[in-house]
Amino acid sequence: PKTLNKPGGYEHREALFGIPPYGGSIAQNMYYAEDTLCDFNSIDTRGGYPIRAMDDDKKMLPWQPPYILMVNRGGCTFVQKVRNAQRVGAAGVIIADNTCLCSAGDACHSDADQQCEEREPIMADDGSGSDISIPSFLMFKQDADLVKAEVQANHPVRIEMTWSLPNPDDRVEYELWTTPTDVISRDFQREFKEAAVALGKRAYFTPQMYIYDGIRSGCQGVDGENDCYNLCTNNGRYCATDPDNDLDRGISGADVVRESLRRMCIWEIYGEDDGVGEPWWDYVNEFMYRCNTEEYFSSKKCIKDAMEHSGVDSKMVDKCMKSSGGLEDDVQNKYLEDQLAAKDKSGVVILPAMYVNRVSIRGSLEFPVVFKAICAGYESGTTPSVCTTCKDCSDQKECIANGFCGSKKVHDSVSTMNMV
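Residues numbered from 1 in each chain as written. Predicted model: local features only at pLDDT ≥ 70, side-chain atom pairs only at ≥ 80, totals over all residues. Heavy atoms only, no water.

1. With respect to the overall build of the protein chain
Assigned secondary structure in the protein chain consists of twelve helices and 16 strands. Principal-axis analysis of the C-alpha atoms places the extent of the protein chain at approximately 80 × 60 × 40 Å. Taken across its 420 residues, the protein chain has 50% of its residues classed as buried. Of the side-chain charges in the protein chain, 44 are positive and 66 negative, and the distance between the mean point of each set is 4 Å. (Helix = DSSP H or I, 4+ residues; strand = E, 2+ residues; numbered from the N terminus. Buried < 20%, exposed > 50% of the residue type's maximum accessible area, 1.4 Å probe, protein only. Lys, Arg positive; Asp, Glu negative; His and termini not counted. Charge placed at Lys NZ, Arg CZ, Asp CG, Glu CD.)

2. Structural notes on the packing of helix H5 (residues 253–270) against helix H9 (residues 334–346)
Relative orientation of the contacting elements H5 and H9 amounts to 95°, with a least axis distance of 10 Å. Accordingly, the angle class assigned to the pair H5 and H9 is roughly perpendicular. Between H5, through Val-257, Leu-261, Met-264, Cys-265 and Glu-268, and H9, the contact on the second element is made entirely by Tyr-335, Leu-336 and Gln-339. Residues belonging to the contact of H5 with H9 are distributed by class as follows: six nonpolar, one polar and one charged. (Axes fitted to C-alpha atoms, helices over the stretch in contact; angles between N-to-C directions. Parallel < 35°, antiparallel > 145°, perpendicular 65-115°, else oblique. Contact = heavy atoms within 4.5 Å. Nonpolar A, V, L, I, M, F, W, Y, C, P; charged D, E, K, R; others polar.)

3. A short note on the packing of H5 against helix H8 (residues 314–323)
Taken N-terminus to C-terminus, the directions of H5 and H8 make an angle of 115°; their axes are 9 Å apart at the nearest point. Comparing the axis directions of H5 and H8 gives the class roughly perpendicular. In this structure, the crossing between H5 and H8 has a hand that is right-handed. Residues Arg-258, Leu-261, Arg-262, Cys-265, Ile-266 and Ile-269 of H5 form the contact with H8, whose own contacting residues are Met-316, Val-317, Cys-320 and Met-321. By residue class, the composition of the contact of H5 with H8 is eight nonpolar, no polar and two charged. (Left-handed = near helix turned anticlockwise from the far one by under 90°.)

4. Section: the layout of surface pockets
As a volume, the second largest pocket reaches approximately 520 Å³. Residue lining of the second largest pocket: 18 residues in total, with Arg-258, Arg-262, Lys-300, Asp-318 and Met-321 positioned closest to the centre. Listed by contribution, the elements that provide at least two residues to the lining of the second largest pocket are H5, helix H7 (300–309) and H8. The element that contributes the greatest number of residues to the lining of the second largest pocket is H5, accounting for five residues. A class-by-class count of the residues in the lining of the second largest pocket yields six nonpolar, three polar and nine charged. (1 Å grid on protein atoms, 1.4 Å probe; cavity = no way out; pocket = protein on both sides within 12 Å on 5 of 7 lines; lining within 4 Å. Points joined across faces, edges and corners; volume = space filled by probe spheres on them.)

5. Observations concerning the nonpolar core
Counting residues in each nonpolar core, the largest one holds 65 residues, and the members touching the most others are Tyr-174, Phe-192, Tyr-283, Phe-371 and Ile-374. If you look at the next biggest cluster of nonpolar residues, it comprises 24 residues, including Phe-17, Ile-43, Trp-63 and Phe-140. (Core = buried A, V, L, I, M, F, W, Y, C linked by side-chain atoms within 4.5 Å.)

6. What about the pairing of strand S5 (residues 136–139)?
What you see with S5 is no split at all: Ser-136 and Leu-138 on one side and Phe-137 and Met-139 on the other are buried throughout. Sheet analysis places strand S1 (residues 12–14) next to S5, joined by three bridges and oriented antiparallel. From the neighbouring strand, Glu-14 faces S5, where its bridge partner is Phe-137. Bridge analysis of strand S4 (residues 90–96) against S5 gives four bridges, and the strand direction is parallel. For Ile-94, the partnering residue across the bridge sits in S5 and is Phe-137. (Pairing = 2+ DSSP bridges.)

7. With respect to the pattern of salt bridges
Counted by the stated rule, this structure contains 26 salt bridges. The residue Lys-397 makes a salt bridge to Glu-191 at a minimum N-O spacing of 3.3 Å. In this pair, Lys-397 sits in helix H12 (residues 396–402) while Glu-191 sits in helix H3 (residues 186–191), placing the two residues 206 residues apart along the sequence. Accessibility expressed as a relative area gives 36% for Lys-397, which makes it partly exposed. As a salt-bridge pair, Arg-249 and Glu-294 come within 2.7 Å of each other at their nearest N and O atoms. Of the two residues, Arg-249 sits in the loop between strand S11 (238–239) and H5 while Glu-294 sits in the loop between helix H6 (278–290) and H7, which places them 45 residues apart along the sequence. (Salt bridge = Lys/Arg side-chain N within 4 Å of Asp/Glu carboxyl O.)

8. Some remarks on helix H1 (residues 78–87)
Counted residue by residue, H1 has seven buried out of ten residues, so it is predominantly covered. Buried residues of H1: Phe-78, Val-79, Lys-81, Val-82, Arg-83, Asn-84 and Ala-85, and no others. On the buried face of H1, the contacting elements are strand S3 (67–72), S4 and S5. Where H1 terminates, the next one or two residues include Gly-89, which has phi positive at roughly 105°.

This is the structure in structure tokens:
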């Protein structure tokens, strides 16, 4: 309704789970469920507002998909609510906050005997949200009350949820946080090279290796010695978790740090200038194919073989690793220090993590999700042809490889919420 239309959309907070359609939008009729949606078996899809017509059995018609469902906060986790909404056919969910923020002042009216909240609620993942594919927002109480009042007066309300990424210019920057032993990111690293090459200088990739600050974690003793056994290098300065949880055998944390530094150097040599770094992608793939086992992970012969097959100069890489500070003794390593600083600045905690134009990309780390997010990050009018041709193709990888989708050939999370 016109009375609810707000220029610029409604202030809201996005859930940290679900998969937003980056660069797209969802505009559907909204239903308000009086149910908490905490118990799936008790959800009444014939209830709520606005009131609908009756069927032949004199029962109100159910919510007609696709629709956006508004549900009150409280009673269970955000994840449980959104999951149950997804199971009953919702395309998106609006969580209506039922508590005023103290910062809202007189703009928000608290219910009787209810105190305001000092901190904003965070729609965090409770650890089980990986199965949720629909997006969801939290709407603050002062706005949610107005929307609920409108729909409870049996006036139809249509909501638009839109997503865009910061798009400052004609080049998108994207970065992947991972480790050499991370299993989840392997398929992405195997598959995305062709997209990186096709995007060329219109997209700048930065691979980030996740390591721990050993000094901050207490792995360097007062005498400067390594107190964390074989988890760290440089006398306890730089550490990684033991991937097989066995300190006496297999791949060690120090092995992971060493391979992380090697990949940083390969990127410095072959990818820093153009942001594409074909040899880096090739090396990672060769390493995964040849050396990613307990027996060969630290094998100099296997690593050298992987470099040769990917066109990487092993002598240049060795020189880079040593000149950056090396991995022995109690000395700082320039690249590892840079990684620690970048990790603190990004705030990344869960691996793997993908950022596009400094916005965290949620959902599974899959080719289509990342490619669409990158294509959504260009300034209007500057989107490269590979994006316009392939981002909506059913098989993006094939489209990029062939240069066309079907018969069309290539010739050359910021979000908003509106009432519509």
